[in-house]
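Spelled out, the chains give:
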Amino acid sequence: MLRLILVRHGEVKGNVDKAYCGWIDHELTENGIEQAKEVALKLKDEPIDKIYVSDLKRTLETAQYINEYHKRDLIKSNDLREINFGLFEGKTYGELKDTHPKELELWADDWKGYSMPEGESLVNMHKRVTKKIDEIIKNEGGTILVVSHAGAIRSIMAHLIGNGIDDYWKYKILNCTINLIEMVEDFPVLLYTNK
């Protein structure tokens, strides 16, 4: 049986500022480091076989704290990154209302398909992340830890548990929480979220 443990990274400055934080390579805040240490303790006794991680600093730092108890190689993948917000990166919704009102309107009208300027669409991110998670499910067994981002984990949950991308916003993923999915005879079962 395959167990997928999905963990979002610890807090970063973009989270505090309520800014769009996709491919910006933020480090964890002091609070984010404490969150990472706490989730590491929660997972200390889990029999983790492999660790897949987004290649950005905030996820790598979080994974390193968890890995202190497991000593696995970190398998880095840019396919597990958050959505690329392009020109919206590092800006708040309020700032964008002043600087990019037309683009915000287009995004609101087509939240799945709209590609942000110099960024990507939710559809593209969803395809990238779910292709990677399907590959992991096909090729792995045991307990697999995936350290990623809120948007990427929402995509995984919507893909495995929900009805695809249309269910994307039905999942709230908090910083440094544990979300557990078990594959029971190739059928994904959600055990818990945000633990």
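Check the entry above for the structure.
Reading the values: the criteria
- Numbering of residues starts from 1 in every chain and runs along the sequence as written.
- Selection of residues for local features in this predicted model requires a pLDDT of at least 70, selection of side-chain atom pairs for listing and counting requires 80 or more, and totals for whole chains, interfaces and linings are taken over all residues.
- Note that water and hydrogens are dropped before the side-chain values are worked out from all heavy atoms of the structure.
- The working definition used for a salt bridge is a side-chain nitrogen of Lys or Arg within 4 Å of a carboxyl oxygen of Asp or Glu.
- Runs of H or I in DSSP of at least four residues are treated as helices and runs of E of at least two as strands, each being numbered from the N terminus.
- Burial status follows relative accessibility: with a 1.4 Å probe on protein chains alone, a residue under 20% of its type maximum counts as buried, one over 50% as exposed, and anything between as partly exposed.
- Patch membership requires more than 30% relative accessible area and the absence of a salt bridge. Residues of like charge join within 9 Å; the nonpolar side chains Val, Leu, Ile, Met, Phe, Trp and Tyr join within 5 Å.
- Surface accessibility in these figures is a Shrake-Rupley result with a 1.4 Å probe; residues are shielded only by whichever protein chains are displayed.

Novice: Got a sec to walk through the pattern of salt bridges? Specific residues and values, please.
Specialist: Considering all chains together, one arrives at 11 salt bridges under this definition. Where Glu 27 meets Lys 57, a salt bridge forms, and the shortest distance between an N and an O atom there is 4.0 Å. With a gap of 30 residues between them, Glu 27 in the loop between helix H1 (13-17) and helix H2 (30-42) and Lys 57 in helix H3 (residues 57-67) connect regions that are remote in the sequence. Overall, Lys 57 belongs to the partly exposed group, its relative accessible area being 37%. Residue Lys 132 is joined to Glu 135 by a salt bridge in which the shortest nitrogen-to-oxygen separation is 3.0 Å.

Novice: Please provide a residue-by-residue account of a nonpolar patch on the surface, values included.
Specialist: Together, Met 1, Val 184, Phe 187, Val 189 and Leu 191 make up an exposed nonpolar region whose accessible area comes to about 470 Å². With respect to the secondary-structure elements, Phe 187 resides in strand E6 (residues 187-192).

Novice: Please set out unusual backbone geometry residue by residue, giving values where relevant.
Specialist: For Asp 186, which is not glycine, the phi dihedral falls at a positive 70°. Along the polypeptide, Asp 186 turns up in the loop between strand E5 (178-184) and E6. Of note, the phi angle at Asn 194 is positive, near 50°, even though the residue is not glycine. Looking at where Asn 194 falls in the secondary structure, it is placed in the segment after E6.

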